[in-house]
Amino acid sequence: MPDAPVPLAPAVPPTPPIPLSALLAREDLALRRIAGPAGPDTAIHWAHTSEMADPYPYLLGGELLLTAGVHVTPADATGAYFDTYVSRVAAAGGAAIGFGLAPVHDTVPPALVAACEAHGLPLLEVPPQTTFSGVARAVWQLMAQARLAELRRVTEAQQRLAAAASRPDPVPSVLRQLAQRLSGWGVLYGPDGTEIASAGRAPHETARQALAHLTDVVRPAPTTMASPGTTVRTPPPCPTTPQGTTGRTASPTPTTPPGTTGRTHPPSATTPPGTTVQAPSPSPTTPPGTTVRAPSPSPTTPPGTTVRAPSPSPATPPGTTVRAPSPSPATPPGTTGRTPPPSPPAPVGRPIAAAVPVAARPVPVAARPVPSSATDTVAGSHLAAYALGAGQGFVLGVASPHREPGDHTIASVAAVLLSLLTGEHRSGTGAARSSALVRVLLGAPPEEVAPLLGTGRWVVVHARPDTQAADAVAASALGAALGSALVDLTDGVVRVLLPAEREPGPQPGWALGVSTAVGPGDWTTADAQAARALARARATRTALVGHGTRPGLADLLPRDEADAHAQALLAPLGATPALTETLRTWLSLHGSWDRTAVALSVHRNTVRQRIARCAALLGTDLDDPDVRMELWFALRRA
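Report on the accompanying structure. Quick caveat, the model's predicted, so the values are computed rather than measured. Within any chain, residue numbers begin from 1 and follow the written order of that chain's sequence. pLDDT decides what is reported in this predicted model: residues at 70 or higher carry local features, side-chain atom pairs at 80 or more are listed and counted, and totals for whole chains, interfaces and linings draw on all residues regardless. Excluding hydrogens and water, the side-chain figures rest on all heavy atoms present in the structure.

1. Concerning the sheet that holds strand 5 (residues 46–49)
Stage number 1. Read across the open sheet, the five strands follow the order 3-8-7-6-5; overall the sheet is mixed. Only two strands of the sheet have a single neighbouring strand rather than two, namely strand 3 (32–35) and strand 5. On average, adjacent strands in this sheet sit at an angle of 30° to one another, irrespective of strand direction.
Stage number 2. When DSSP finds at least two bridges between two strands, those strands are taken to pair. Strands are runs of DSSP state E lasting at least 2 residues, helices are runs of H or I lasting at least 4, and numbering of each runs from the N terminus. Direction of pairing for strand 7 (residues 96–100) relative to strand 8 (residues 123–126): parallel, over a ladder of four bridges. If you follow glycine 98 over to strand 8, its bridge partner there is leucine 124. In this analysis an axis means a line fitted to C-alpha atoms, helices contributing only their contacting stretch, and an angle means the value between N-to-C directions, from 0 to 180 degrees.

Below is the structure:
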């Protein structure tokens, strides 16, 4: 069946934006700001010239719009006309307007100045001796300089990080170098969320806790046991939770309605030691979808106090959240909010409980698909989390006071190095991957070797960069972005073997083809699926294409009969694999010569010759839709 493409994001130039102040500083241009804000936040992405009365449909956003006012007639030179004009430019995302003097206007119309002031859009006066082409050239020169500075910064950071990885203490050294390059804080979290190592200036405690919780976004969720439809969760403890403080959620009873959730908030940083935050078990009559929560105790809650949320009554409407108020400062130690006896206290230092199994008919709950990186901004700090390795739980966290072009690339390089450095921890033994390789070389089947690399189902990803050829560093960075260290670079194509629970997403600057999730015995089939999906992605200029998995009419036929018919139909092409692959690609792209040529990296005339040869060998008319349908059926079975 046809593959399902993922739309590309709007194209932007491969250069960083430049501040408007840098353009104004060019003495050879003699530009002058005469209206609009003068702050340093205005960024120019490119320069565009237009004399349209309404340039909105032709702008992408971030442009310096250059105009000589040819579209302005004496009758139009009013405040209402310019107010409409400027509002449309601002609505399209234009960064600024450059108005050229002569030959149409000797001065900038005052109504245009007033409109730009009203809409907060910078207005530049372009003197007669400065051409619009000169302004555009200056913009691209500044962008090229910024891009070169970024590349130099990234290259130097790569060299420094690689040198740090070769030191006797590689993990702390890489984190120190990363923190220095980003002027921030770098931290490596273990699978259980603890800080293994860190370097640099730590951010505010709020941002630090937010970064710790951000790692849960990219860390695979553990498989738990629960009854069908019932979820019992507790979030991880805050890094500053005092020792001895516990948060508990009681186990649901066997009669807990499906969909009911019991949750507790984690104790706050100021929760007194020994305080228990507890939510009771949902009653058998709790309506489905009801959430039971107990809030964090206040900073003045006396030690030893137990805070409970009451159980919902049978009449509680579905979807209702039941909370108990925090105890007041005057609550005596040991007081509880309910009459039932408290649960036995947890041992000192015991972590907050994870999901509790349900007693009635336990079934495994699959881990959720997670992204490989996540970002956030909290308390003035820019936060980022990167999953390491093959999804075993190690995460790199970064916090910096500002974000610069190239920061993501530098952090990705550090993530690749840390993935390699934590490899022995990740696999449980440093010899596991080497053992897998030796067994494959000695003839062991994939299903026998796969447990050494991980359990579950897998997907194969094929990728090519959009512009330059892939190299080892780019391939490793892509593997880190996707969350796998099982990366191969062959003939310009990067192949990544990825656990199925880590769903791949589009990667900037790459075209990706993704197979269906398969077991180790079908890795070869998945590799072919990913290759065809990548060819389609490149031909359609799509960021990511997944192999189609929907059942079709062909699945209704006996497999042996379908395979025999396909082999007989395609037998004339069997001696020339290039003809079979060309026919497959040509049909998948609806007979497009140009897109087939792009997908196969050949000339369009070569495609025409091969398709004509296929028609001659098969003795059929390839313009007939019935013939195309039958051939596509056969190619899908081949």
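Let us keep going from here.
2. Considerations on the pattern of salt bridges
Stage number 1. Any carboxyl oxygen of Asp or Glu that lies within 4 Å of a side-chain nitrogen of Lys or Arg is treated as forming a salt bridge with it. For the coordinates displayed, the defined rule picks out 13 salt bridges.
Stage number 2. Here arginine 32 makes a salt bridge to glutamate 125, at a shortest N to O gap of 3.1 Å. Within this pair, whereas arginine 32 is found in strand 3, its partner glutamate 125 is found in strand 8, the two being separated by 93 residues in sequence.
Stage number 3. The class for arginine 32 is partly exposed, based on a relative accessible area of 45%.
Stage number 4. The salt bridge partner of arginine 628 is aspartate 623, with a shortest N-O separation of 3.9 Å.
Stage number 5. A relative accessible area of 23% places arginine 628 in the partly exposed class.
Stage number 6. Connected through shared salt-bridge partners, Asp488, Arg495 and Asp527 make up one network. Note on exposure labels: buried denotes an accessible area under 20% of the residue type's maximum, exposed denotes more than 50%, and partly exposed covers the range between, all computed with a 1.4 Å probe on protein chains only.

3. Describing the packing of helix 2 (residues 79–91) against helix 3 (residues 110–119)
Stage number 1. One can describe the packing of helix 2 onto helix 3 by two numbers: an axis separation of 8 Å at closest approach and a directional angle of 45°. Accordingly, the angle class assigned to the pair helix 2 and helix 3 is oblique. In this structure, the crossing between helix 2 and helix 3 has a hand that is right-handed. On helix 3, the residues touching Gly79, Phe82, Asp83, Val86 and Ser87 of helix 2 are Ala111, Leu112, Ala115, Cys116 and His119.
Stage number 2. Polarity classes work like this: nonpolar for Ala, Val, Leu, Ile, Met, Phe, Trp, Tyr, Cys and Pro, charged for Asp, Glu, Lys and Arg, and polar for all others, with Gly in that last group. Its residues assigned to classes, the contact of helix 2 with helix 3 comprises six nonpolar, three polar and one charged. In these notes the angle categories are as follows: under 35 degrees is roughly parallel, over 145 is roughly antiparallel, 65 to 115 is roughly perpendicular, and the rest is oblique. Crossing handedness is defined as follows: a turn of the near helix away from the far one that is anticlockwise and smaller than a right angle gives a left-handed crossing, while the clockwise case is right-handed. Between two residues, a contact is recorded if the distance between any of their heavy atoms is within 4.5 Å.

4. Observations regarding the pairing of strand 9 (residues 185–189)
Stage number 1. Among the five residues in strand 9, five count as buried, and that is most of the element.
Stage number 2. Burial of strand 9 is two-sided: the residues Trp185, Val187 and Tyr189 facing one way and the residues Gly186 and Leu188 facing the other way are all buried.
Stage number 3. Bridge count for strand 9 against strand 10 (residues 195–200) is five bridges, and the pairing is antiparallel. Paired with tyrosine 189 across the two strands is glutamate 195, which belongs to strand 10.
Stage number 4. Here strand 9 hands over to strand 10 after five residues, with glycine 193 in that stretch at a positive phi of 90°.
Stage number 5. Pairing geometry for strand 9 and strand 22 (residues 395–400), over five bridges, is antiparallel. Residue pairing for strand 22: tyrosine 189 is matched across the bridge by valine 395.

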